Amino acid sequence: MIIDCHVHLNYYEDESLDRFDQTLDRLLRAMRRNRIDQALILTSYKVTPGRPSTSQVVHRLRDIPYLSVIAGLDYTSFTPEVLAELADFVRDGKVKGLKLYPGYQPFYPADPKWNPAYEFAETHGIPVMIHTGDTFSVKGKLKYAHPLHVDEAAVDHPGVQFVICHIGNPWIRDCMEVVYKNPNVHADISGLTLGEFEDRFEAFLRKQVQEMLLYGVEPHRVLYGTDWPICSIESYLEFMDELAIPERDKRKILADNAIELFRLDPRASPFYHGSRG
């Protein structure tokens, strides 16, 4: 079983255009082609025709049980009232977590403005995913996106499960320390490259991820994700296949950890046949 915990339905080529149906069709075809059982769709911190709102995504995916939603929050406009609508989506099982975008927006994860969001996540038992590391946009400010900043939020909110997105790349060792130190912090391996992995860069990152798993982070704290459509699903699966780690650990990373953390039902997979094999 394979669960991609980090994909988008944003139309990055031109955000002024609504291409939701075409992008969704591309994702579903890529999932079928690569036998991806489930995916988590992360909505954006901003809403444009090319970046649909959480509400729009939830309603348009309501008949696809193997696609769930992670609700992106906007630092600029966030108020506790934003969470009221999300509560219904969470209770209905369609929204499985929250996503914050430090770096793309100028804030640190421990900013008190987010306290209501963290309390909401703890109350509803859903994780908070946090962007870390390099930004797709050159206008991003990296000082806000360093994975060390997740440590403060994790310490201040021990009842919340956090996910450091992109393993903090390029600050992978700092990410390792934050995950190692805090039992309520996980990491996903999404967004490590644009498009396909180039051979030399893939070898470099594979070594980094293997060292992380061997020396700093238990496999049950790592999640598989791609950041599609920015990154290739096929290339990511090859990357995972060539990791020199035990197969039981790969199974945890590819599916089991996400099932537990996001409380997913493996039976929702179109390929489900009564086991997690």
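That block above? That's the structure.
All values derive from a computational prediction rather than experimental measurement.

### Concerning unusual backbone geometry
At step 1: Cis peptide bonds are those with omega within 30 degrees of zero, and the linkage from Asn 169 to Pro 170 qualifies with 15°.
At step 2: Along the chain, the position of Pro 170 falls in the loop between β6 (162-164) and α6 (172-181).
At step 3: Of note, the amide linkage connecting Trp 228 to Pro 229 takes the cis form, showing an omega dihedral of 10°.
At step 4: With respect to the secondary-structure elements, Pro 229 resides in the loop between β8 (222-223) and α8 (233-241).
At step 5: Even without being glycine, Arg 263 reaches a positive phi, approximately 55°.
At step 6: By secondary structure assignment, the location of Arg 263 is in the segment after α9 (247-261).
At step 7: For Arg 263, a relative accessible area of 52% corresponds to the exposed category.

### Quick notes on the nonpolar core
At step 1: Grouped together as the largest cluster of nonpolar side chains are 76 residues, with contacts concentrated most on Leu 61, Leu 67, Leu 98 and Phe 162.
At step 2: Among the elements that make up this core, the one with the highest residue count is helix α1 (residues 20-34) (six residues).
At step 3: Every residue in contact with Leu 67, bar those within four places of it in the chain, is listed here: Leu 24, Leu 27, Leu 28, Met 31, Ala 39, Ile 41, Leu 61 and Lys 94.
At step 4: Listed in part, the 18 residues of the second largest apolar core include Ile 3, Ile 70, Ile 259 and Leu 264.

### Comments concerning helix α7 (residues 199-216)
At step 1: Its 18 residues place the ends of α7 25 Å apart at the C-alpha level, agreeing with the 26 Å of an ideal helix rising 1.5 Å per residue.
At step 2: Those residues of α7 not exposed but buried are Glu 202, Leu 205, Arg 206, Gln 208, Val 209, Gln 210, Glu 211, Met 212, Leu 213 and Gly 216.
At step 3: Lining the buried residues of α7 we find α6, β8, α8 and α9.

### Quick notes on the environment of Val 69
At step 1: Following the sequence through the fold, Val 69 ends up in strand β3 (residues 67-72).
At step 2: With 62 residues separating them in the primary sequence, Val 69 and Val 7 have C-alpha atoms 9.6 Å apart.
At step 3: Beyond its immediate sequence surroundings of up to four residues, Val 69 is in contact with Ile 41, Thr 43, Thr 54, Val 57, Val 58, Leu 61, Lys 94, Val 95, Lys 96 and Gly 97.

### Brief notes about the pattern of salt bridges
At step 1: All chains considered together, the criterion is met by 13 salt bridges.
At step 2: Its salt-bridge partner being Arg 60, residue Asp 18 comes within 4.0 Å of it at the nearest N-O pair. Of this pair, Asp 18 sits in the loop between β1 (3-7) and α1 while Arg 60 sits in helix α2 (residues 54-60), placing them 42 residues apart in sequence.
At step 3: A salt bridge links Asp 151 to Lys 181, with the nearest nitrogen and oxygen atoms 2.8 Å apart. One end of the pair, Asp 151, is in helix α5 (residues 148-156); the other, Lys 181, is in helix α6, and 30 residues separate them in sequence.
At step 4: The network of salt bridges with shared partners includes Glu 15, Lys 46 and Arg 51.

### Description of the sheet that holds β1
At step 1: Reading across the sheet, the eight strands line up as β1-β2-β3-β4-β5-β6-β7-β8 and stay open at both edges, with parallel pairing between neighbours. Two strands in the sheet have a free side with no partner beyond their single neighbour: β1 and β8.
At step 2: Direction of pairing for β6 relative to strand β7 (residues 185-188): parallel, over a ladder of three bridges. Bridged to Val 163 within β7 is His 186.

### What about the layout of surface pockets?
At step 1: Considered as a void within the structure, the largest pocket measures approximately 420 Å³ in volume.
At step 2: Every residue lining the largest pocket is counted, 24 residues in all, and those nearest its centre are Tyr 104, Asp 134, Thr 135, Phe 136 and Asp 227.
At step 3: Looking at the lining of the largest pocket residue by residue, the class counts come to nine nonpolar, eleven polar and four charged.
At step 4: Of the voids in this model, the second largest pocket is the one considered here, and its volume is about 270 Å³.
At step 5: Along its surface, the second largest pocket is lined by 18 residues, and Val 47, Thr 54, Gly 72, Leu 73 and Val 82 are the ones closest to its centre.
At step 6: Among the secondary structure elements, those contributing two or more residues to the lining of the second largest pocket are α2, β3 and α3 (82-91).

### Brief notes about the side chain of Asn 169
At step 1: Relative to the helices and strands, Asn 169 is located in the loop between β6 and α6.
At step 2: Setting aside residues up to four positions removed in sequence, Asn 169 forms contacts with Gly 133, Asp 134, Leu 192 and Leu 205.

### Describing the pairing of β7
At step 1: Burial along β7 is two-sided: the face carrying Val 185 and Ala 187 and the face carrying His 186 and Asp 188 are both buried.
At step 2: For the segment spanning β6, α6 and β7, crossover handedness is right-handed.
At step 3: Here β7 runs beside β8; their pairing, made up of two bridges, is parallel. When the sheet's bridge partners are listed, Ala 187 is paired in β8 with Val 222.
At step 4: Tracing the backbone out of β7, into α7 and back to the parallel element β8 gives a crossover that is right-handed.

Rules and cut-offs
- Residues numbered from 1 in each chain as written.
- Predicted model: local features only at pLDDT ≥ 70, side-chain atom pairs only at ≥ 80, totals over all residues.
- Heavy atoms only, no water.
- Helix = DSSP H or I, 4+ residues; strand = E, 2+ residues; numbered from the N terminus.
- Buried < 20%, exposed > 50% of the residue type's maximum accessible area, 1.4 Å probe, protein only.
- Core = buried A, V, L, I, M, F, W, Y, C linked by side-chain atoms within 4.5 Å.
- Contact = heavy atoms within 4.5 Å.
- Expected span 1.5 Å × (residues − 1).
- Salt bridge = Lys/Arg side-chain N within 4 Å of Asp/Glu carboxyl O.
- Pairing = 2+ DSSP bridges.
- 1 Å grid on protein atoms, 1.4 Å probe; cavity = no way out; pocket = protein on both sides within 12 Å on 5 of 7 lines; lining within 4 Å.
- Points joined across faces, edges and corners; volume = space filled by probe spheres on them.
- Nonpolar A, V, L, I, M, F, W, Y, C, P; charged D, E, K, R; others polar.
- Right-handed = clockwise from strand over helix to strand, strands pointing away.

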